[in-house]
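Residue-level listing of the chains:
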Amino acid sequence: MAYLDKALVATVLGDRELEYKYNSLALEKEKEAADLLRDHFDAEPTRSVLYRSAASIALKCDRPNLAEKLAAQGLSGNPPDDVAEELRILFENITFHRHLKLEEMNLTRNSINITLFGNDVAHGMVSIDEYIKRLKTLEQITMRTAERKRGRPYRSGGNPPKDIQKLLKPFLTLQKPASFSATIRFGSSQMSLFDSDDFEESFTDDVVHEVVETLENYENGTTDKLSDRIDNDDYYINFISLAKKLSPDGDSITKVGLSTLKREKPVILEKPRDICMVVREIVEKKADLDQIPNTTITGTLLYASKLRKKNPQIKIKPSKGKAEKVRVPVGMLDDIVRPLWDKQVIATVAPDKKNELLLVDIIEQE
Amino acid sequence: MHRIDIADFENQFDFMPKEYTISISQAAAVCLEEVGHSTGIDFVLTGLSNETCTIHWFQINEGMKRPWQDLEYATEHGAYAIAWHLIEYITNYKVFERSPKGGGFDFWIRDPDDEIDELNFLKNCGRMEVSGILNNAAAVKARVTQKTKQVRKGSPAETSRYVIVVEFGTPISHCESIK
């Protein structure tokens with residue numbers, strides 16, 4: 001455990017090499033400890049917990065085969081029910097990690113493979129809502145990234161520009177039966193040898209790479225790196241709002257894995273994140289926020305007014321009481337708020353400098 | 001009045017590595033200062049213990065803040081440090097070992113007077129789930145309910161099980177024993 005804690009400290013400090021080194025040392029020790037109890041089937045819960053721990057660290061070290069063997073050893077004894085359940089869940093986790101591996105995929109440079117894992121994902125089945133929502137969100141993030149990289153001003157409404165749509169038209173390929181892993185290819189459905197434009201292909205590859213890199217920054221909380229990549233406030237708010245929508249909810253979907261050809265390691269989104277304070281800080285430029293907590297309004301999203309282009313508004317009508325006017329950050333209106341018109345929503349709001357309500361997060365009420 | 005001194009945590013937790021304890025102690029101090037507190041502030045305990053303590057910490061420098069720029073991460077780990085202290089203070093259990101991810105709880109805890117079985121060292125250990133909230137006292141009750149459900153699902157009823165939620169804004173901490 002001491003090595004694991006050192007690995008954690010290395011994670012905090014952002015030293016990936018040291019993190020891997022300590023995780024590997026921890027794996028060696030944990031496996032050694034577990035194997036000491038291999039034939040001691042009455043030493044429970046310690047035996048199965050040690051195997052579970054070793055299997056979990058093996059997965060962190062990207063060794064799914066070893067993880068599988070260790071988890072099987074744990075189950076082969078007399079684990080208590082709760083640890084046995086954890087070991088079974090670990091098996092599913094190992095399968096998820098296998099699906100992120102690229103060997104069996106026919107990935108091209110302009111593709112992103114997305115893999116879902118969670119309570120709503122079983123062999124060959126996934127909740128339609130969760131799946132479609134995440135495919136559409138990934139498409140939106142990619143389009144916005146392309147527009148940003150092309151230096152276009154932030155688009156507060158309407159479809160992406162025709163040239164971007166043409167360059168990055170998404171095509172879905174289903175991979176790997178009995179999993180929920182699919183590949184989105186951006187650009188032409190065929191890689192033509194004769195009329196491909198190297199510059200356009202290179203741009204598409206760049207966009208795909210940028211999408212996954214920025215999502216990694218988001219997941220790791222490296223906001224300084226994210227701000228360096230996205231230095232426009234509207235694009236930034238749009239990105240983190242969409243990234244949150246793509247991320248797991250912690251229950252029906254617990255992991256979202258993203259693989260590309262260019263990256264050795266996939267990005268795994270695991271943490272449901274709270275973006276409220278980030279949105280407030282950007283919009284309100286960090287002025288006097290700490291004293292004023294967020295509140296929530298639950299009700300029907302009635303309309304959005306885009307007439308005030310710089311300060312679009314929505315109205316939320318609770319079941320009792322009057323409708324509340326709420327100001328919406330430009331980066332959230334089109335991709336996050338608009339799809340929720342006329343739906344029951346839970347909006348997180350905060351009073352701004354002028355004492356109007358500012359929207360910092362919104363989700364559909366289930 | 002009980003005094004929580006974060007500077008003392010370094011030498012308090014015999015079973016946990018010092019470097020990690022120091023790191024998460026700094027996370028706790030960073031969180032307290034992030035929400036605008038100064039050392040010596042009142043710290044409210046509810047649940048198994050209902051009292052007001054005071055909480056004290058060392059001066060923070062820029063080096064200490066640097067690894068904890070991600071406040072969600074800082075809140076989670078800062079809460080660990082406070083919870084490790086509180087479980088000892090309230091129940092006499094000591095934090096013993098981290099539980100692997102996905103286990104339904106965060107830490108194994110043990111009675112320091114219990115003899116450790118060298119082979120089966122987790123025998124008779126209790127379990128503790130810790131959760132941190134940076135600045136939202138209204139969320140504490142819901143978080144306790146959520147974590148209680150999680151621990152109940154993930155561990156046998158005959159073991160000692162605790163949930164500790166630490167909220168830095170008030171600051172307040174709720175400790176619950178789960179039957």
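Nothing here was measured: the structure is a model prediction, and the numbers come from that model.

Student: I keep staring at the pairing of strand β5 (residues 181-186) of chain A and nothing clicks. Help me out?
Tutor: Within a regular strand, the side chains alternate between the two sheet faces. In terms of residue burial, β5(A) counts as a mostly covered element, since six of its six residues are buried. The alternating pattern of β5(A) places A:S181, A:T183 and A:R185 on one face and A:A182, A:I184 and A:F186 on the opposite face, and all of these are buried.

Student: Explain the side chain of B:H174 here, please?
Tutor: All names here are of chain B. Note on placement: H174 falls in strand β8 (residues 172-177). Using a relative accessible area of 17% as the deciding quantity, one classes H174 as buried. A polar atom in the side chain of H174 sits 2.9 Å from the side chain of T46. Residues in contact with H174, not counting those within four places in the same chain, are T46, G47, V140, V144, V163, I164 and V165.

Student: Just to check I follow, could you spell out the interface of chain B and chain A for this structure?
Tutor: Many authors give the size of an interface as the accessible area that is lost as the parts come together. The interface is formed by 28 residues belonging to chain B together with 29 residues belonging to chain A. Taking both partners together, chain B and chain A bury about 2,400 Å²; carbon and sulfur atoms supply 56% of that area. Looking at the side of chain B facing chain A, the largest losses of area belong to B:E72, B:P100 and B:L119, adding up to 20% of the total buried there. Where chain B touches chain A, the interface holds one salt bridge. Here B:R127 ties to A:D82 by a salt bridge, and the two come within 2.6 Å at their closest N and O atoms.

Student: Hey, could you run me through the sheet that holds strand β4 (residues 94-98) of chain B in this one?
Tutor: The strands that make up a sheet pair up through hydrogen bonds in the backbone, lying either parallel or antiparallel. Residues and elements named next belong to chain B. Across the sheet, which stays open at both edges, the eight strands sit in the order β1-β3-β2-β8-β7-β6-β5-β4 with mixed pairing between neighbours. The open sheet is flanked by β1 (3-5) and β4, the only strands paired with a single partner. Averaged over all pairs of adjacent strands, the angle between their axes in this sheet comes to 30 degrees, without regard to strand direction.

Rules behind the numbers
Residues numbered from 1 in each chain as written. Chains lettered and ligands numbered in written order. Predicted model: local features only at pLDDT ≥ 70, side-chain atom pairs only at ≥ 80, totals over all residues. Heavy atoms only, no water. Buried < 20%, exposed > 50% of the residue type's maximum accessible area, 1.4 Å probe, protein only. Helix = DSSP H or I, 4+ residues; strand = E, 2+ residues; numbered from the N terminus. Polar contact = N/O pair within 3.5 Å; in protein donor to acceptor, adjacent residues only side chain to side chain. Contact = heavy atoms within 4.5 Å. Buried area = accessible area lost by both parts, 1.4 Å probe. Salt bridge = Lys/Arg side-chain N within 4 Å of Asp/Glu carboxyl O. Pairing = 2+ DSSP bridges. Axes fitted to C-alpha atoms, helices over the stretch in contact; angles between N-to-C directions.

Any link to function would need more than the numbers given here.
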